[in-house]
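Architecture at a glance
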Amino acid sequence: MIGGHFVLFAYLAPYITDRVGLGQTELVLAFVAFGVAGVSGGYLGGWLADSATLRRAIVITPLAYLLALLMMPAASSTPWTFIAAMMVWGCISWMISPVVQSFLLAAGPDTAEAGIGLNLSAMHVGVALGTALGGLTLAAVPPQALPLAGAARPALFRANRARLLAGQRDRQEVPKFQGKIEVPPLNRENRDPISPPTRWSGPSGESFGTLAMSDLIPTPCAV
């Protein structure tokens with residue numbers, strides 16, 4: 001998620017000047033507005049982690065972030081709509097960190113320090129990869145494509161994760177036996193395999209084989 005964020009954030013200044021058309025003075029004010037939104041997002045992320053269940057919060061926050069990032073190109077037609085959309089995007093982007101850290105603390109209190117450390121390392125790797133992808137995108141296409149390129153990475157990740165989870169559920173599901181088993185009455189006086197065998201058949205009547213009653217009833221043996 002942080003990688004997709006930095007595809008646009010690392011090159012936000014050229015996007016604002018080229019796509020939105022703001023000057024240098026307005027550019028400074030835009031970054032101030034983004035900073036205010038980010039601080040508010042850190043507080044709202046902690047509030048969401050405390051008020052909602054962590055499983056819901058860790059699902060809702062990335063989806064809201066993805067929608068906010070996809071909203072950026074449509075909101076870039078005027079400066080005011082862009083500033084509003086940018087503040088929403090900046091707020092949600094800073095909500096993710098407290099939600100993820102709270103989830104890691106709750107999921108494994110004994111390994112929380114290691115989990116948070118690995119998460120921070122992965123975030124910095126994402127910063128490097130996102131910045132590199134943003135630079136390659138900016139070198140190939142106009143800045144208008146940066147929000148879509150940034151949204152494509154987390155969208156593909158979530159789609160692949162959903163596919164993997166669906167595959168795991170399919171492997172765990174065991175099909176129910178739809179046929180029938182015909183068992184003859186138990187002959188308690190004679191335990192020799194002369195009783196009719198048990199028949200296994202499928203839902204369409206096809207036979208799967210037989211099982212003699214002697215296989216089901218143990219024969220006495222001398223000790």
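Residues numbered from 1 in each chain as written. Predicted model: local features only at pLDDT ≥ 70, side-chain atom pairs only at ≥ 80, totals over all residues. Heavy atoms only, no water.

**Re the packing of aromatic side chains**
For the structure on display, the rule yields 4 aromatic pairs. Joined through ring pairs, the aromatic side chains of F6, F9, F34 and W89 make up one cluster. (Phe/Tyr/Trp six-rings, centres within 6.5 Å; stacked < 30°, edge-to-face > 60°.)

**Considerations on the side chain of S76**
Here S76 shows up in the loop between α4 (54-75) and α5 (79-107). For S76, a relative accessible area of 1% puts it in the buried group. A distance of 2.6 Å separates a polar side-chain atom of S76 from the backbone oxygen of M72. If we ignore the near neighbours within four places in the chain, the residues touching S76 are Y15, R19, V20 and F82. (Helix = DSSP H or I, 4+ residues; strand = E, 2+ residues; numbered from the N terminus. Buried < 20%, exposed > 50% of the residue type's maximum accessible area, 1.4 Å probe, protein only. Polar contact = N/O pair within 3.5 Å; in protein donor to acceptor, adjacent residues only side chain to side chain. Contact = heavy atoms within 4.5 Å.)

**Concerning the packing of α4 against α5**
The N-to-C vectors of α4 and α5 enclose an angle of 160 degrees; their axes lie 8 Å apart at closest approach. As the angle between them shows, α4 and α5 are arranged roughly antiparallel. As α4 packs across α5, the resulting crossing turns out to be left-handed. Looking at the contact of α4 with α5, its residues break down into 21 nonpolar, 4 polar and 1 charged. (Axes fitted to C-alpha atoms, helices over the stretch in contact; angles between N-to-C directions. Parallel < 35°, antiparallel > 145°, perpendicular 65-115°, else oblique. Left-handed = near helix turned anticlockwise from the far one by under 90°. Nonpolar A, V, L, I, M, F, W, Y, C, P; charged D, E, K, R; others polar.)

**Comments concerning helix α2 (residues 12-20)**
All buried positions along α2 are accounted for by L12, Y15, I16 and V20. Along the axis of α2, the buried residues cluster in a sector spanning 95 degrees; they form a single face. Looking one or two residues beyond α2, the residue adopting positive phi is G21, at roughly 90 degrees. (Arc of directions from axis to C-beta.)

**What to know about the confidence of the model for the protein chain**
Of all residues in the protein chain, 68% have pLDDT values of 70 or greater, and the mean over the chain is 77. With pLDDT under 50 throughout, residues 211-223 is counted as low confidence; its partners more than four residues away or in other chains account for 15 contacts. (pLDDT = per-residue confidence, 0-100.)

**Some words on the nonpolar core**
L8, I16, M72, F82, M86 and W89 are the most contacted members of the largest nonpolar core, which has 35 residues in total. Sort the elements by how many residues they give to this core and α5 lands first, with 11 residues. Each residue touching M72, except ones within four places of it in the same chain, is listed here: L8, Y15, F82, A85, M86, W89 and P147. (Core = buried A, V, L, I, M, F, W, Y, C linked by side-chain atoms within 4.5 Å.)

**Regarding a nonpolar patch on the surface**
Residues V28, V32 and V36 make up a contiguous nonpolar surface patch of roughly 260 Å² in combined accessible area. Its place among the elements puts V28 in helix α3 (residues 24-51). With a relative accessible area of 51%, V28 lands in the exposed category. (Patch = residues over 30% accessible without salt bridge, like charges linked within 9 Å, V, L, I, M, F, W, Y side chains within 5 Å. Areas by Shrake-Rupley, 256 points an atom, 1.4 Å probe, with all protein chains shown as cover. Salt bridge = Lys/Arg side-chain N within 4 Å of Asp/Glu carboxyl O.)

**Brief notes about α4**
End to end, α4 covers 31 Å across 22 residues, agreeing with the expected 32 Å (1.5 Å per residue, within 8%). Buried within α4 we find L54, A57, T61, P62, Y65, L66, A68, L69, M72 and A75. (Expected span 1.5 Å × (residues − 1).)

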